[in-house]
Amino acid sequence: MAVSGVTSTTTTASTTTSSSTTDAASASLNYDSFLKLLVAQMKNQDPTEPMDSTEQIAQLATFSQVEQTIKTNTNLESLLQRTSLSEANAVIGKTVTSSDGKTTGVVKEVKLYSDGIIAVLDTGKELAVGPGVTVK
């Protein structure tokens, strides 16, 4: 009896919940469901032809791997947040120029979002720090 894996979710900049937190909740529900299914399967299996114990262990190991992967993703997201904060701090006080050269100024403050950094310039304009932006 196969049990489906964890469904993935997509997050956007406006979403405050991290994807690993959502995935962890989904995995927890699916892991609990798996255990309930396993117990029900054991109760209802044909005693003359029981389920192969190797298959049961393989199913349990798969869910254990999913759980560990979600924990790893949570740690990676935390590391990325710290890296983004360091990058944001490094840009403050620097002169930035947009990729098209139309927007330039000294970074007064930085807004940090899940999908990137927005530099607030001394001119009052905002500039997304990303590919093509020059920092001096």
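Here the structure is a predicted model, which is why all the values come from computation and not from measurement.

A. Representation of the overall build of the protein chain within the structure. When you go through the protein chain residue by residue, the secondary structure sums to two helices and five strands. Reading the protein chain from its N end, one meets helices and strands in the order α-α-β-β-β-β-β. In the protein chain, once contacts between residues fewer than 6 apart in sequence are set aside, the share between residues at least 24 apart is 44%. Total accessible area on the protein chain stands at roughly 9,200 Å², and carbon and sulfur atoms take up 55% of it.

B. Expanded view of the pattern of salt bridges. Scanning all chains against the criterion turns up one salt bridge. Between K111 and E126 there is a salt bridge, and its shortest N-O distance comes to 2.6 Å. Residue K111 is found in strand β2 (residues 104-113), and its partner E126 is found in strand β4 (residues 126-129); the two are separated by 15 residues along the sequence. Classification of K111 as partly exposed rests on a relative accessible area of 29%. The exposure class assigned to E126 is partly exposed, which follows from its relative accessible area of 45%.

C. The sheet that holds β4, seen in detail. Spatial strand order, β4-β3-β2-β1-β5: five strands in an open sheet with antiparallel pairing. Where the open sheet ends on each side, the last strands, each with one partner, are β4 and β5 (134-135). Direction of pairing for β2 relative to strand β3 (residues 116-121): antiparallel, over a ladder of six bridges. Residue pairing across strands places V107 opposite L121, the latter belonging to β3. Contacts from helix α2 (residues 53-91) reach β1 (95-97), β2 and β3 within the one sheet, and its direction differs from that of β2 by about 160°.

D. Local environment of the nonpolar core. With 10 residues, the main nonpolar core is built from A88, V91, V96, V107, V110, I117, A119, L121, L127 and V133. When contributions to this core are tallied by element, the ones reaching two or more residues are α2, β2 and β3. Residues within four places of L121 in sequence aside, it is in contact with V96, T103, T104, G105, V106, V107 and K108.

E. Representation of the confidence of the model for the protein chain. With 77% of its residues at a pLDDT of 70 or more, the protein chain shows a mean pLDDT of 75. Taking the mean pLDDT of every element in the protein chain, the minimum, 69, falls on helix α1 (residues 19-44) and the maximum, 90, on β1.

F. Quick peek at the pairing of β2. Taken together, the three bridges between β1 and β2 define a ladder with antiparallel strand orientation. Residue pairing in the sheet places T95 in a bridge with V106 of β2. A loop of six residues connects β1 with β2, the two strands running antiparallel in sequence, and G101 in this loop sits at a positive phi of about 80°. Counted along the chain from β2 to the antiparallel partner β3, the turn is two residues long.

Cut-offs used in this document
- Residues numbered from 1 in each chain as written.
- Predicted model: local features only at pLDDT ≥ 70, side-chain atom pairs only at ≥ 80, totals over all residues.
- Heavy atoms only, no water.
- Helix = DSSP H or I, 4+ residues; strand = E, 2+ residues; numbered from the N terminus.
- Contact = heavy atoms within 4.5 Å.
- Areas by Shrake-Rupley, 256 points an atom, 1.4 Å probe, with all protein chains shown as cover.
- Salt bridge = Lys/Arg side-chain N within 4 Å of Asp/Glu carboxyl O.
- Buried < 20%, exposed > 50% of the residue type's maximum accessible area, 1.4 Å probe, protein only.
- Pairing = 2+ DSSP bridges.
- Axes fitted to C-alpha atoms, helices over the stretch in contact; angles between N-to-C directions.
- Core = buried A, V, L, I, M, F, W, Y, C linked by side-chain atoms within 4.5 Å.
- pLDDT = per-residue confidence, 0-100.

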